[in-house]
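Understanding the architecture of this molecule
Chain residues, written in single-letter form:
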Amino acid sequence: MSIKYENLDTLKAFKELRAVETSVDLKEELTRERILRYSAPAGGGLTYNYAAKAVNDEIVGILQKLSDEQQLVAKYKEVLNGEFINTGENRKVLHHLTRGQLGSDVTFEDKNLRDFYVEQQNRIREFSSKVHKGEIKGSTGKQLDTVVQIGIGGSDLGPRAMYLALENIYDVEMEGHFISNVDPDDANAVLGRLNFETTLFVLVSKSGTTQETLANRNFVLEKTRQAHIHGFNPSKHMVAVTSETSPLAGSDEYLDSFYMDDFIGGRYSSTSAVGGVVLSLAFGSEVFDQFLAGANDADRAALELDLRKNAALMDAMIGVYERNILGYGQTAVLPYSQALSRFPAHLQQMDMESNGKSVNRRGEPLNYQTGPVIFGEPGTNGQHSFYQLLHQGTDIVPLQFIGFKDSQIPFDLDYEGSTSQQKLKANLVAQIVAFAKGKEDKNSNKNFAGQRPSSLIYGLQLTARSLGALLAHFENKVLFQGFVWNVNSFDQEGVQLGKVLAKQVLAGGDAMDEALKAFSDLLEI
Ligand SMILES: O=P(O)(O)OC[C@H]1O[C@](O)(CO)[C@@H](O)[C@@H]1O
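For clarity, every value in this text was computed on a predicted model and none was experimentally measured. (Residues numbered from 1 in each chain as written. Predicted model: local features only at pLDDT ≥ 70, side-chain atom pairs only at ≥ 80, totals over all residues. Heavy atoms only, no water.)

1. Digging into the side chain of Ser354
Structurally, the position occupied by Ser354 is in helix H13 (residues 343-355). Classification of Ser354 by relative accessible area gives buried; the value is 0%. From its side chain, Ser354 meets the backbone oxygen of Ser489 in a polar contact 3.4 Å long. Residues contacting Ser354, with those up to four places away along its chain left out, are Arg267, Tyr268, Gln349, Val478, Asn488 and Ser489. (Helix = DSSP H or I, 4+ residues; strand = E, 2+ residues; numbered from the N terminus. Buried < 20%, exposed > 50% of the residue type's maximum accessible area, 1.4 Å probe, protein only. Polar contact = N/O pair within 3.5 Å; in protein donor to acceptor, adjacent residues only side chain to side chain. Contact = heavy atoms within 4.5 Å.)

2. Re the domain arrangement of the protein chain
Examined at the domain level, the protein chain breaks down into domain 1 (111-289) and domain 2 (492-525). Measuring from the centre of the C-alpha atoms in domain 1 to the corresponding centre in domain 2 gives 32 Å. (Domains from an automatic or database assignment.)

3. Structural notes on the pattern of salt bridges
On inspection of all chains with the given rule, the structure shows 22 salt bridges. Taking the shortest distance from any N to any O, the salt bridge between Glu33 and Arg37 comes out at 3.0 Å. Linking Glu33 with Arg37, this pair stays in helix H3 (residues 32-37), spanning 4 residues, or about one helical turn. Judged by relative accessible area, Glu33 falls into the partly exposed class, the value being 49%. Across the pair Asp441 and Lys439 runs a salt bridge, and its minimum N-O distance is 3.2 Å. (Salt bridge = Lys/Arg side-chain N within 4 Å of Asp/Glu carboxyl O.)

4. Some remarks on the packing of aromatic side chains
For the structure shown, the criterion picks out 21 aromatic pairs. Judged by centre distance (6.2 Å) and plane angle (50 degrees), the rings of Tyr5 and Phe483 are tilted. With Tyr5 in the segment before helix H1 (12-18) and Phe483 in helix H16 (residues 464-485), this residue pair connects regions lying 478 residues apart in the sequence. A single burial state applies to Tyr5 and to Phe483, both of which are buried. Here a set of aromatic residues connected by ring pairs shows up, and it is made of Tyr336, Phe375, Phe386, Tyr387, Phe401 and Phe435. Above the face of the Phe116 ring, Lys111 is positioned so that its terminal group lies 4.1 Å from the ring centre. The lysine or arginine in question, Arg361, covers the ring of Tyr5, its NZ or CZ lying 4.1 Å from the ring centre. (Phe/Tyr/Trp six-rings, centres within 6.5 Å; stacked < 30°, edge-to-face > 60°. Lys NZ or Arg CZ within 6 Å of the ring centre and 35° of its normal.)

5. Focus: a nonpolar patch on the surface
Taken together, Ile409, Phe411 and Leu413 make up a surface patch of nonpolar side chains, about 350 Å² in accessible area. Note on placement: Leu413 falls in the loop between strand E12 (399-404) and strand E13 (414-415). Leu413 sits in the exposed class, given a relative accessible area of 52%. (Patch = residues over 30% accessible without salt bridge, like charges linked within 9 Å, V, L, I, M, F, W, Y side chains within 5 Å. Areas by Shrake-Rupley, 256 points an atom, 1.4 Å probe, with all protein chains shown as cover.)

6. Regarding the pairing of strand E1 (residues 39-43)
Pairing between E1 and strand E2 (residues 46-49): 4 bridges, direction antiparallel. Within E2, the position partnered with Pro41 by the bridge is Thr47. Between E1 and E2, which pair antiparallel in sequence order, lie 2 residues; one of them, Gly44, sits at a positive phi of approximately 60 degrees. (Pairing = 2+ DSSP bridges.)

7. With respect to the sheet that holds E12
Strands sit in the order E1-E2-E15-E12-E10-E11 across an open sheet of 6 strands; the sheet is mixed. The two strands at the open ends of the sheet, each matched to only one other strand, are E1 and strand E11 (373-376). The mean inter-strand angle of the sheet, taken between neighbouring strand axes irrespective of direction, is 20 degrees. Summarising the sheet, E12 and strand E15 (residues 454-459) pair through 6 bridges and their orientation is parallel. Opposite Phe401, over in E15, you have Leu456 as the bridge partner. Strands E1, E2 and E12 of the sheet are contacted by helix H12 (residues 311-325), whose axis makes an angle of about 25 degrees with E2. (Axes fitted to C-alpha atoms, helices over the stretch in contact; angles between N-to-C directions.)

8. Let's talk about helix H4 (residues 57-69)
With 13 residues, H4 extends 18 Å from end C-alpha to end C-alpha; this agrees with the ideal 18 Å at 1.5 Å per step. Residues Ile59, Val60, Ile62, Leu63, Gln64, Leu66 and Ser67 constitute the buried set of H4. Packing partners of the buried residues in H4 comprise H1, helix H5 (72-80) and H12. Between a side-chain oxygen at the N-terminus of H4 and the backbone nitrogen of Glu58 the separation is 3.2 Å; the capping residue is Asn56. Where H4 terminates, the next one or two residues include Gln71, which has phi positive at roughly 55 degrees. (Expected span 1.5 Å × (residues − 1).)

9. Structural notes on empty space enclosed by the protein
A complete count under the given rule lists 7 cavities of 30 Å³ or more for this structure. Lining of the largest cavity is provided by 19 residues; of these, Gly319, Glu322, Thr331, Pro372 and Gln481 occupy positions nearest its centre. Mapped onto the lining of the largest cavity, the elements with two or more residues apiece are H12, strand E10 (330-335) and H16. For the lining of the largest cavity, a count of residues per class yields 8 nonpolar, 5 polar and 6 charged. (1 Å grid on protein atoms, 1.4 Å probe; cavity = no way out; pocket = protein on both sides within 12 Å on 5 of 7 lines; lining within 4 Å. Points joined across faces, edges and corners; volume = space filled by probe spheres on them. Nonpolar A, V, L, I, M, F, W, Y, C, P; charged D, E, K, R; others polar.)

Next comes the structure, spelled out in structure tokens:
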């Protein structure tokens, strides 16, 4: 089958979607029968439920035609088979290959890349096991019991979100910390809590050139020097994770180095060495293996052509319907799990850096909307914060709820006839129904219009496996949406300008004088 990359507005099925006259009244149509019928398997034991989305069988039928016409699953297979999908940078897109091989052998310059990723995983397994067993110790002879990742963006958000998601449920072999911001308060605050003799730093930068990360590396090294610890050797307390082509690669300034490559985008790197080193050191490599298995399960589920059986595809297509037909510009991610506290922040980067584009894969301007603004917070905290706008504001914001039957930590307390976990789940379902059905009140201030769509990803418990599947679900959703919109989801030129200007500001370049003057004028209140 020949693959064609076409703009959304040229597709027959999109025109059909635009012409749909029926709409779904969630106030009437959200029934128990619909809740049971509108679910799709997401892999890793997760289910995606879309009963509270404003779609019906007719709309889903057209979304299926759109998915087929835009060859979404075929394009996903192209990714899996190692085609050069990232046209902006002329690169393959291989994060799926870090967690299993679902397509043909992928080679580059005679190197089998699945073998390369597995080799790195084995090296990480061996290294973390030696650290845990005390076969690798700190330079002053002490057991290493703390791991600190230094990195930013994709070299921070995913691994940090995953660490926080797992720290309650698995034995923590090494306590994890993260330094990302170039704000010196970040590094100072983390470093102030550490015993350097028992700490291993993981310096993570795919490019090896990110200014904030290199500044933080030097900050850390200087602070360890200033501690004047007898016999302390900083190079025995830092490993590097980078791509083989980066300036950091092969340096002997580090105890060891682990590699990913240019075919793994930063925001898709949690399942590569970028997430692998810190998570294996923190929890053991068996936990990281389960995380990879969950992600692989979701990747396999995303191969299904029928979107009713493919959660990532259904989620993507409903998102397109909401963005391009209903005109909704934001999506809120609302995990009813405190352990997922940084997951929305990770999705912000993954989704917005991928699909925040206004030209197509050929660089031509688009005249339809692409990726939405993503934000979110765990429930029930968010309920006491921004849900007011979600319920009664002038904008309709589609919602992505995430929930689990059981908590991660077994202890719970009955208060007023229910446990905390029961209260959490009751709030979750109450919100879904309240957003959909609203409540009429003669007092307009107390009236809830309803008809506010949401979906739910639900599982038994947040474990390494379900977390891997959850991560991969969203990665694949974003990938499918990028193909629908015909954008290149795998470069991020939009972040370059600010980086270049910041460097010019620091260098005092003439080009920036006017901007600096205007800015300082502004501050002269
Ligand atoms: O891992 P690196 O190369 O330091 O990059 C960090 C982050 O910076 C970005 O390039 C954006 O500034 C992200 O895409 C990336 O995840």
